[in-house]
Amino acid sequence: MTGTAGGRKTRAERLAAPLARNVVKEVAAEHGACLRPVQLRRTDIDTGHVEQVLIPCGHTLASVCPSCAERARLLRAAQCREGWHLDQEPIIDPDPATEDQRALVTGRAEAQEGRDLLASAGLNTTDLDEQIGELDQQITNAGLRGTVLPAQPRRHRSTKRRQDAAPLPHRPVSARTVGKTYTAPDGKTFRPSMFVTLTCPSYGRVCEDGAPADPDTYDYRRAARDALHFAALFDRFIQNLRRFVGHDIQYFAAIEPQRRLAPHVHIAIRGTISRTELREVIAATYHQVWWPSTETVKYDGGCLPVWDEHTGAYLDADTGEVLPTWDQALDAIGDQDEPRHVSRFGQRFDAQGVLAGSRDASRCIGYLTKYLTKHLGNCHQAATDAQADHAGRLAEALRYEPCSPACANWLRYGIQPKNARPGLIPGRCKGKAHRREYLGYAGRRVLVSRKWSGKTLADHRADRKNWLTGILGLPATDPGRYSWEPVKPGDPDHMPTGQRLLHVVADRIQWQTALEQARRRAAEADPPANGQAA
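None of these values were measured; they are calculated from a predicted model. (Residues numbered from 1 in each chain as written. Predicted model: local features only at pLDDT ≥ 70, side-chain atom pairs only at ≥ 80, totals over all residues. Heavy atoms only, no water.)

Draft legend 1. Structural detail: the state of the cysteines. Using the criterion set out here, one finds zero disulfides in the structure. For the unlinked cysteine Cys68, the closest cysteine sulfur is that of Cys65, found at 3.6 Å. (Disulfide = S-S within 2.5 Å.)

This is how it looks when you write it as structure tokens:
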């Protein structure tokens, strides 16, 4: 018997019915609409017309917004495809400096000269320092990239190669970025590229599920440090590769975790490199971390350094002694000291040639973008107790490992973090590297060289938008014609979440219908060649 007298439903029957809000989200995701649309107020500067506009949130994680994450993944796939097999050098010509920009740089030069003259005479430079800071900010606001001078002088270490590293012959690097062309015996020419995978070294034997065979002997400390400095090691590999082959290697790389939770990198490289050359470069590549030693724990438990408002520094709670600053700790590293850590790639690597437009090219691009919509820690879910224990041990190894010069964990070893501030507690650093979902790697998931396609990600996004508006026959709009402002809660025009979702679902359906009609009209206007011949 179901229901009750008078047609009323039981509580179980009501709970079994789908929730209306969830159905709206499901329909929105089904049509590729954003689940967290942002409401903006758009004003036409010429006419004064005001309207409410809902734009996608643009999140890249599928757990937050699957539709936006999928669009971001497809955009990255298009970026990878467009630059992988270029047969012409990409043209990247910066715009010439404007008169205002040149005037600012001229004023900056005069201020710098005056400041240096006062400093050499031992006079006060405070006023000119403030003026230089204002000019630097004006130069940035004027649209110039970079800074005139670095914020602080760069520290230099000896460039002498380690004795335990393989030699690395190098050639002068030319500006060429495209790969070589090969000719087959039948006269056909082709220009292949490469798909390369690099991994971390072994930290101990692991089982098929990625969990260590013996967790007690697994080197979690080295695994944690390799993950923290993986991005710097990859950057060093690219530098060495360019010097070794003698031209400006271009790449599209994606960072992923292996099943053992160690990061590895998949690289789409334009042009070809022999396996022998790759093996030599990998063997010769290393990254030295010249940070203060963390072998001795000086503060632990409840006895931690305290912040002093008067000195703006951390003090020893018992003696009142000021802890060494980050720069002082670096200065204490002598020429005879060893680096705190040396990162290297594992000996095993994979490399394969790929032709443009082939099935292998599509497969590799899909592989490069496979996990971009997930956190590193969510790429491989722990299905066994051994896997969960392995993830927990790695997180514990990362807990007190300093992730950067500004990490709070330096207090544990008696050193003030760079740019120290009150409230820092060892073991509670808020850096991404210490979170379980990042597995120690806090860098960018996608690494793309500057001359990969000759375009930025915004350029690729604009190309897709222009193609779509062209298919739909929509006129181009001038971005400078409108002014935008966010519509926040409490504003009379603010829409609740449910109302915004209903709007984006309706708009998405209309957009998809118009797109299908435009494609149909384009196909009817341009029939296939075989149909014309008939």
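Draft legend 2. Spotlight on the side chain of Asp44. By the element assignment, Asp44 lies in strand E1 (residues 38-44). A polar atom in the side chain of Asp44 sits 2.9 Å from the backbone nitrogen of Asp46. Among the polar contacts listed, one links the side chain of Asp44 to the backbone nitrogen of Thr47, at a separation of 3.3 Å. If we skip the residues at most four places from it in the chain, Asp44 touches His49, Arg481 and Tyr482. (Helix = DSSP H or I, 4+ residues; strand = E, 2+ residues; numbered from the N terminus. Polar contact = N/O pair within 3.5 Å; in protein donor to acceptor, adjacent residues only side chain to side chain. Contact = heavy atoms within 4.5 Å.)

Draft legend 3. Up close: helix H10 (residues 359-368). Every buried residue of H10 is accounted for by Ala361, Cys364, Ile365 and Leu368. Taken end-on, H10 shows its buried residues confined to a sector of 100°, consistent with a single buried face. Buried-residue contacts for H10 involve helix H3 (66-84), strand E5 (193-198), strand E6 (251-257), strand E7 (263-269) and strand E12 (349-354). (Buried < 20%, exposed > 50% of the residue type's maximum accessible area, 1.4 Å probe, protein only. Arc of directions from axis to C-beta.)

Draft legend 4. Here's a closer look at the sheet that holds E1. Here three strands make up an open sheet; going across it, the order is E2-E1-E14 and the pairing antiparallel. Each of the sheet's edge strands pairs with one partner strand only, and the pair in question is strand E2 (50-55) and strand E14 (482-486). Neighbour-to-neighbour, the strand axes of this sheet turn through a mean angle of 35°, independent of strand direction. Where E1 lies against E2, six bridges are found, and the strand directions are antiparallel. Along E2, the bridge assignment pairs Arg41 with Gln52. (Pairing = 2+ DSSP bridges. Axes fitted to C-alpha atoms, helices over the stretch in contact; angles between N-to-C directions.)

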